[in-house]
Amino acid sequence: MTTSGPGALDARALVTALQDRGFGPFTGVPCSFLGPVISHLEAEHPQQYVIAANEGEAVALAAGARLAGRRPVVILQNSGLGNTVNPLTSLCHTLRLPVLLLVTWRGRPGQEDEPQHELMGRITPELLTAMGIRNELLPTDQAELGPVLDAAAEHMAVTGLPFAFVVPKGAIAPRTGGGGTRHRDARLMKRAEAIAHVVGAMDPKTLLVATTGKTARELERDWDRPENLYVVGSMGCASSVALGVAMHAAGRKVAVLDGDGAALMRLEAMATIGQRRDTDLCHVLLDNEAYESTGGQPTVSAGVDLCAIATACGYRHTRDVTTGEAVRDAVRHAQEAGGTHLIRVRIAPGSDPGLGRPAFPPPRSAARFMEAVAR
C-alpha cells in the first residue's frame, strides 16, 4: 500500500483501505477534491465505479447495491447534497439501508471558494446531522484511516443508517501517472469557439442563460452583455431557468447554453420544455462528454441520443451538429421558426488554462439581467 505526503491521503491507499473492509461498489458525481480517487477507480476498478447523472440517483443506486448485499460508497460534492435529501431521508432511513458517503467540503468557512458554495459550505455538517447522518472529517493521516473506517462500519451495522466522511480541500493527494482523459476528434471545436458561433448567429437582443462552470465563464470573458445571465451554481437548472424566462418575457427571444453533464443531471427539464413547444426557447447543448470543471471525468452522453429524447419530449425541432457553420444555421433557424429547439453541439474537451472566474457577483448579474428583460 502506497502512502502520500504529509497532510494528504493517497487515493490508492484510500480505495484499498475501503475495499479491504468490504466497501464497494462506488458511485457518484465528480468533485475535483476527490478527482484522484475517481481517476484511480476509473483506471484500476472500472467495474466498481458507476457514473451517476445526479447525486440523488447515486444514493438510490447505492441503496440497491446494499439490498443486494454490498457495502456501497457514494462520492459527491456538498453542493449536490441537496439532491440527496429525499433518498437519504425517505429511502435509506426508512428501509435502514446504510451507505457510506464521501462528501467534499466546498465553501468551508474560512477558506476562499466560489460564491455558490458559501451557504452549503457553512451548513454541510449541520445538514448531515439534521438528516440523522453521523459525520466526521476524513483523516489525512493514513495511520488514522483504518480505525475510523472500522468505526464507521460498526456504526452503520448497529444503526442501519448512513455515515458520512466530510472531505476538505487537499485531503486527497494529487494522482501521479496516467490519467483517464479521453481524447476526441481533433476536428471538433472547443467550447469557446462554439459559443462564438451561437452568439454571432442569434438576435443581438436575445436573452441568454449560461449554465454553471466554464460555459458561463467563457461567455462572460468573450461576450459579456446585459442580456446574459451567468448561472454559477445549481447545476442542471439553467434550462429550466431559461424556460421560466421564455414563458414570461413576452416577445423576447430566449436561449440557453447548456452542458452534457448538466442536462443529464436534470433530464426531466427536457420533458417540461417539450410540453411548452410553442414557447420560444433555443436550447443549445454543448457536449464534450466530460465534467470538465471537476477534472474532465467522463459523462455518459456518448451513449445517449439527446436529440431523440428531446423529440420524444415534444421539442418542435432538433439538430445534432459538429461545425461552426451548422451551429449558426441551426441557431438562425430556431430563432426564425420559433418554438422549442434543441441544438446538440459536439465539441472537444479542453479550455484556456488561464480562464478566470466570473467577474460579476451573482446578485449583480441577476439584477442587470432583470433590467435587460424589462427594457
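Described in the following lines is the structure provided in the data block.

About the criteria used
Residues numbered from 1 in each chain as written. Predicted model: local features only at pLDDT ≥ 70, side-chain atom pairs only at ≥ 80, totals over all residues. Heavy atoms only, no water. Helix = DSSP H or I, 4+ residues; strand = E, 2+ residues; numbered from the N terminus. Rg over C-alpha atoms; globule rule 2.2 N^0.38 Å. Buried < 20%, exposed > 50% of the residue type's maximum accessible area, 1.4 Å probe, protein only. Contact = heavy atoms within 4.5 Å. Areas by Shrake-Rupley, 256 points an atom, 1.4 Å probe, with all protein chains shown as cover. Lys, Arg positive; Asp, Glu negative; His and termini not counted. Charge placed at Lys NZ, Arg CZ, Asp CG, Glu CD. Arc of directions from axis to C-beta. Pairing = 2+ DSSP bridges. Axes fitted to C-alpha atoms, helices over the stretch in contact; angles between N-to-C directions. Parallel < 35°, antiparallel > 145°, perpendicular 65-115°, else oblique. Left-handed = near helix turned anticlockwise from the far one by under 90°. Nonpolar A, V, L, I, M, F, W, Y, C, P; charged D, E, K, R; others polar. 1 Å grid on protein atoms, 1.4 Å probe; cavity = no way out; pocket = protein on both sides within 12 Å on 5 of 7 lines; lining within 4 Å. Points joined across faces, edges and corners; volume = space filled by probe spheres on them.

Structural notes on the overall build of the chain
Moving on, step 1. Of the regular secondary structure elements, the chain holds 14 helices and 14 strands.
Moving on, step 2. Against the globule reference of 21 Å for 375 residues, the chain gives a C-alpha radius of gyration of 21 Å, in line with a compact fold.
Moving on, step 3. Dimensions along the principal axes, computed over C-alpha positions, put the chain at roughly 65 × 45 × 40 Å.
Moving on, step 4. Across the 375 residues of the chain, 54% fall into the buried class.
Moving on, step 5. A fraction of 76% describes how many contacts in the chain between residues 6 or more apart in sequence connect residues 24 or more apart.
Moving on, step 6. When the accessible area of the chain is evaluated, it comes to approximately 15800 Å², of which 53% is carbon and sulfur surface.
Moving on, step 7. Averaged over its 37 positive side-chain charges, the chain has a centre that lies 2 Å from the centre of its 39 negative ones.

What to know about helix α9 (residues 238–248)
Moving on, step 1. Of all the positions in α9, only A238, S239, A242, L243, V245 and A246 are classed as buried. Each buried residue of α9 sits inside an arc of 160° when the element is viewed along its axis, so together they form one side.
Moving on, step 2. Residues of α9 that are buried sit in contact with β7 (207–210), β9 (254–259), α11 (268–274), β10 (281–287) and α14 (362–374).

Comments concerning the sheet that holds strand β2 (residues 49–51)
Moving on, step 1. Taken in spatial order, the 6 strands of this open sheet run β2-β1-β3-β4-β6-β5, and their pairing is parallel. The two strands at the open ends of the sheet, each matched to only one other strand, are β2 and β5 (134–137). Pairs of neighbouring strands in the sheet enclose a mean axial angle of 20°, with direction left out of account.
Moving on, step 2. Sheet topology places strand β4 (residues 100–104) next to strand β6 (residues 163–167); 5 bridges connect them, and they run parallel. When the bridges of β6 are listed, V103 appears paired with V166.

As for the packing of helix α1 (residues 11–20) against helix α2 (residues 35–44)
Moving on, step 1. Contact geometry for α1 and α2: axes closest at 8 Å, N-to-C directions at 70°. If you check the angle between α1 and α2, you find them roughly perpendicular. In terms of crossing hand, the pair formed by α1 and α2 is right-handed. Each of A11, R12, L14 and V15 in α1 lies in contact with α2, whose residues at this interface are P36, V37, H40, L41 and E44.
Moving on, step 2. Looking at the contact of α1 with α2, its residues break down into 6 nonpolar, 1 polar and 2 charged.

A word on the pairing of strand β14 (residues 340–346)
Moving on, step 1. For β14, the tally of buried residues reaches 6 of 7 residues, placing the bulk of the element in the interior.
Moving on, step 2. Two elements, β10 and β14, share 7 bridges in a ladder whose sense is parallel. Its bridge partner being in β14, V284 is matched across the sheet by I343.
Moving on, step 3. As paired elements, strand β13 (residues 317–321) and β14 share 5 bridges and run parallel to each other. The residue bridging D320 from the neighbouring strand is R344, located in β14.

Some thoughts on the pairing of β10
Moving on, step 1. Of all 7 residues in β10, 7 are buried; the element is thus mostly enclosed.
Moving on, step 2. Neither face of β10 is exposed, since L281, H283, L285 and D287 on one face and C282, V284 and L286 on the opposite face are all buried.
Moving on, step 3. Of the strand pairs in this sheet, β9 and β10 are connected by 6 bridges, and their pairing is parallel. Counterpart to V256 in the pairing with β10 is H283.

Description of the side chain of N78
Moving on, step 1. In this structure, N78 sits in the loop between β3 (73–77) and α4 (81–95).
Moving on, step 2. What makes N78 buried here is its relative accessible area of 0%.
Moving on, step 3. For N78, the contacting residues outside a window of four places in its chain are V103, T104, W105, R106, M120, G121 and T124.

Focus on empty space enclosed by the protein
Moving on, step 1. By the definition in use, this model includes 1 cavity of 30 Å³ or more.
Moving on, step 2. Along the walls of the largest cavity sit K253, V254, D280, L281, C282, A334, Q335, G338 and G339, which together make up its complete lining.
Moving on, step 3. Among the residues forming the lining of the largest cavity, the class breakdown is 4 nonpolar, 3 polar and 2 charged.

Observations concerning the environment of M270
Moving on, step 1. Among the structural elements, M270 can be located in helix α11.
Moving on, step 2. Residue classification places M270 among the buried residues on the basis of a relative accessible area of 2%.
Moving on, step 3. Along the sequence, M270 and A11 sit 259 residues apart, while their C-alpha atoms lie 37 Å from each other.
Moving on, step 4. Apart from residues lying up to four places away in sequence, M270 is in contact with H283, L306, I309, A310, C313, Y315 and L342.

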